[in-house]
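Architecture and fold: a report
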Amino acid sequence: MDISCERLPEIFNIAAYFIEGSLSRGHSERIAFYYRDETYTYRTVRSYVRRAATLLSELGLDREDRIAILLPDTPEFIFAFWGAIWAGAVPVPINTACSIDDIQYIIQNCRAKILLTSQEWHEKLTLGTEFLRDVLLVDGETPFLSRLDQTSEEATPSRTSPCEPAFWLYTSGSTGRPKGVVHMHSSMVVSAQRYGKDIVGLHENDITYSIAKMPFAYGLGNTLYMTMAVGAASVLSDAANAFDIIADLHRYQPTVLFGVPSTYASILAVKEMAPLETPRLRLCLSAAEQLPKTIWTRWLQAYGYEICEGIGTTELLHIFLSNRPGECQPGSSGFPVPGYEVEILDDQGYPVKVGEIGTLQVTGKSLMLGYWNRIEETRKVIYGNSIRTGDQYQCDAEGFFWFMGRKDDLFKVNGQWTSPFEIEEVLLQHESLLDVAIVPQTDAQEVLPYVVAFVTLKAGFTASSELEDGIRRFAKSRLPHFKAPKAIHFLDKLPRTPTGKIHRKALGTKLALVRAL
Amino acid sequence: MVMDTLKAILLELGIEESDVTETALLRKDLQLDSTETVQIALELKRRLGVNVKLEARQDMTLGHICDLVVQAMALNPA
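Rules behind the numbers
- Residues numbered from 1 in each chain as written.
- Chains lettered and ligands numbered in written order.
- Predicted model: local features only at pLDDT ≥ 70, side-chain atom pairs only at ≥ 80, totals over all residues.
- Heavy atoms only, no water.
- Helix = DSSP H or I, 4+ residues; strand = E, 2+ residues; numbered from the N terminus.
- Buried < 20%, exposed > 50% of the residue type's maximum accessible area, 1.4 Å probe, protein only.
- Contact = heavy atoms within 4.5 Å.
- Areas by Shrake-Rupley, 256 points an atom, 1.4 Å probe, with all protein chains shown as cover.
- Lys, Arg positive; Asp, Glu negative; His and termini not counted.
- Charge placed at Lys NZ, Arg CZ, Asp CG, Glu CD.
- Rg over C-alpha atoms; globule rule 2.2 N^0.38 Å.
- Salt bridge = Lys/Arg side-chain N within 4 Å of Asp/Glu carboxyl O.
- 1 Å grid on protein atoms, 1.4 Å probe; cavity = no way out; pocket = protein on both sides within 12 Å on 5 of 7 lines; lining within 4 Å.
- Points joined across faces, edges and corners; volume = space filled by probe spheres on them.
- Nonpolar A, V, L, I, M, F, W, Y, C, P; charged D, E, K, R; others polar.
- Domains from an automatic or database assignment.
- Buried area = accessible area lost by both parts, 1.4 Å probe.
- Polar contact = N/O pair within 3.5 Å; in protein donor to acceptor, adjacent residues only side chain to side chain.
- Pairing = 2+ DSSP bridges.
- Right-handed = clockwise from strand over helix to strand, strands pointing away.
- Axes fitted to C-alpha atoms, helices over the stretch in contact; angles between N-to-C directions.
- Parallel < 35°, antiparallel > 145°, perpendicular 65-115°, else oblique.
- Core = buried A, V, L, I, M, F, W, Y, C linked by side-chain atoms within 4.5 Å.

Going by an unreviewed UniProt entry, chain A carries the name Benzoate-CoA ligase family protein and comes from Phormidesmis priestleyi ULC007.

Shown next, in the form of structure tokens:
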């Protein structure tokens, strides 16, 4: 089936497509999502979405105007997101884990006319007045929901086109300010069909639970629209640590868990204290960061589930490379999701041979329109209908794709391309290590780079020169000598980007500081 | 005794001794993140043999954690 904006009807509104579609398929009384002790049916969602569309229009939010949504995963988020699209406007979700500085930048950069947030956040922000006309609050004297209750639900869907902007998602990028990724109305249809239905096999009896929140492209698909496409339910969670997540999983008994590597590691770490009991769970998935094989194996041993890993990007909205349930190759990203063409290219843009490392190029119908107001960066990554993600990959003879690091993570040691992940994987098997990040170091005495490890320790272990020696001996016994770290630096915590990936540039700075001492 | 153990764990996490009070909140006052709250629970289990699942949705004072530990010890005396 070809799903592209060219093949969809000329008048196409993605909010109406999913919401009216779910009702016409007889899902009106089915639960669309769980939030704390409450449940919301598809009929209720439709009612509130139409009310939100009416209210936002009354407040002067016109077609193509932006509304910034700075909220955790809540019903208000969902009603405002779909309500804005229903009205032809463009929602811009903002992750509440971003820095205040970045949040203010995003609100200004997207020229939001309305901001929906909480009192607590509103008090923390210094907001410009050039574009922003209204701030709606979910709490306080006139909460957003009570305003919706007083609004009519007569709004008809805006007659938008499948190829026009529907929503933006900001992506952190490894340097500089976040970039607004502009997606079309058609993008969600593609991801919901290609990954949600074809790979995950989502169906109306599923309940999904996502660790990634909705302002992330991964979380948006897992919680908001992939379930809606089939009449399934999702859980809106405010879990803050592994114990919260386990409590949620026990309470809601989801059938599909969309996880991230660090969560699987945390749940495993507390297994003795809080063993998981999820008899209805049928599938565990992972994305956002490379899943170490060690965690994959330990999860299988502990709970009997394989973790089906994939990779996606905000620019392509969701996952385009994925393992297949029941046929996982641990440590690999799997192979292309139907509808996506994935190639590995050399520096000249030609496909590399099997087993060689190159740059990932992906062609798919969920590709963004571009980065808002960043033409140079857009043109740097988009090649016709394709995008070069900046990830370095190799493909084996069986067609499995293996992540070898970001383009700027990969380094040469002893004249050979070396992936930090391969070394981290080995070190993580050491009994004392909780988290590991590998970076290359070059100092004045040695022109050739060598490997350095930054590590955090599990509870009960203390940093010492004896332990450092032990870890180095452990690595040497399992790795080619040039890949074994020459130095181990103990940290309380590894620096991470807002999306949870290891911030290798920050570690490089740390290394410079260590050397300066 | 419980507070002394909790204090020792917090000091190892880099918290200043003067900040460790019964009314101090884990997140708001001590700035502990989700990983660190789990780490405290694991350390309490290791040192005192108690299962105290420190959920992080609601911020918790150190005094409250001590109460939870005492209750857990009473249920499962060593």
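And the narrative resumes.
Looking now at the overall build of chain A. Scanning chain A from N- to C-terminus turns up 15 helices and 26 strands. Burial statistics for chain A: of 517 residues in total, 59% are counted as buried. If you take every contact in chain A between residues at least 6 apart in sequence, the share linking residues at least 24 apart comes to 65%. Split by element, the accessible area of chain A, about 21200 Å² in all, is 49% carbon and sulfur. Here chain A carries 51 positive and 61 negative side-chain charges, and the mean point of each set is 3 Å from the other.

Let's shift gears to the overall build of chain B. Of regular secondary structure, chain B possesses three helices and zero strands. When the helices and strands of chain B are read in sequence order from the N terminus, they spell out α-α-α. Against the globule reference of 12 Å for 78 residues, chain B gives a C-alpha radius of gyration of 11 Å, in line with a compact fold. Seen through its principal axes, chain B has C-alpha atoms that stretch 30 × 25 × 20 Å. Expressed as a percentage of the 78 residues in chain B, the buried residues total 42%. Considering only intrachain contacts with a sequence separation of at least 6, the fraction spanning at least 24 residues in chain B is 54%. Carbon and sulfur atoms make up 49% of the accessible area of chain B, which totals about 4400 Å². The average position of the 8 basic charges and that of the 13 acidic charges among the side chains of chain B differ by 7 Å.

Next up on the list: the pattern of salt bridges. With the rule as written, the count across this model stands at 21 salt bridges over all chains. One salt bridge connects D62(A) with K113(A), and the closest N-O pair in it is separated by 3.6 Å. Residue D62(A) is located in the loop between α2 (42–58) and β3 (66–70), and its partner K113(A) is located in the loop between α4 (100–109) and β5 (114–117); the two are separated by 51 residues in the primary sequence. Among the residues examined, D62(A) registers a relative accessible area of 45% and is labelled partly exposed. The buried category is assigned to K113(A), whose relative accessible area is 12%. Between R57(B) and D248(A) there is a salt bridge, with its nearest N and O atoms 3.0 Å apart. With R57(B) in the loop between α2 (34–48) and α3 (62–75) and D248(A) in helix α9 (residues 242–252), this pair bridges two chains. What makes R57(B) partly exposed here is its relative accessible area of 23%. Linked by salt bridges that have partners in common, R36(A), D238(A), D248(A) and R57(B) make up one network.

All names here are of chain A. Applying the stated criterion to the full structure yields one cavity of 30 Å³ or more. Taken as a whole, the largest cavity spans an internal volume of roughly 50 Å³. Lining the largest cavity are A32, F33, Y42, I78, W82, T223, L224, T227, M228 and S234. Looking at the lining of the largest cavity, the elements with two or more residues in it are β1 (31–35), α3 (75–86) and α8 (217–228). The dominant element in the lining of the largest cavity, judged by the number of residues it contributes, is α8, at four residues. Of the residues in the lining of the largest cavity, the class split is seven nonpolar, three polar and no charged. Residues from two domains meet in the lining of the largest cavity; each of domain 1 (11–183) and domain 2 (186–362 + 387–408) gives at least three.

How big an interface is tends to be stated in terms of accessible area lost as the parts join. The partner chain B presents 18 residues to the 18 residues of chain A that form the contact. Summed over both partners, the interface of chain A with chain B buries about 1600 Å², with 59% contributed by carbon and sulfur atoms. Linking R57(B) and D238(A) is a salt bridge whose minimum nitrogen-to-oxygen distance equals 2.8 Å. The interface formed by chain A and chain B includes seven residue pairs in polar contact (both at pLDDT 80 or more).

Further remarks concern the pairing of strand β12 (residues 283–286) of chain A. Residues and elements named next belong to chain A. Residue alternation in β12 divides its side chains into two sets, L283 and L285 and C284 and S286, and both sets are buried. Across four bridges, strand β11 (residues 256–259) lies against β12 in parallel orientation. In the strand pairing of β12, V256 is matched with L283. Since β11 and β12 lie parallel, the crossover through helix α10 (residues 261–269) that links them has a hand, and here it is right-handed. The parallel pair β12 and strand β13 (residues 307–312), bridged by helix α11 (residues 293–303), forms a crossover whose chirality is right-handed.

Quick look at the packing of helix α1 (residues 14–24) of chain A against helix α7 (residues 187–197) of chain A now. The relative placement of two packed helices is expressed as an angle between their axes plus a distance between the axes. Residue and element names in this part refer to chain A. In contact at an axis separation of 9 Å, α1 and α7 are set at 45° when each is read in the N-to-C sense. One element, α1, and the other, α7, form an angle in the oblique class. Listed contacts from α7 to I14, Y17 and F18 of α1 are M188, V189 and A192. Here the contact of α1 with α7 is composed, by residue class, of six nonpolar, no polar and no charged.

Before going further, it helps to spend a moment on the nonpolar core. One finds F81(A), W82(A), M188(A), W299(A), I40(B) and L62(B) to be the most contacted residues of the largest nonpolar core, which totals 154 residues. At nine residues, α3(A) tops the list of elements feeding residues into this core. Taken together, domain 1 (11–183) and domain 2 (186–362 + 387–408) of chain A each give at least three residues to this core, which thus spans both. The contacts of F81(A), once residues within four sequence positions are left out, are I69(A), P91(A), P93(A), F167(A), M188(A), L220(A) and L224(A).

When you line up the elements, S237(A) lands in the loop between β10 (233–236) and α9. Among the polar contacts listed, one links the side chain of S237(A) to the backbone nitrogen of A239(A), at a separation of 2.9 Å. Dropping the residues within four chain positions of it, S237(A) is found in contact with D73(A), Y209(A), K213(A), D248(A) and R57(B).

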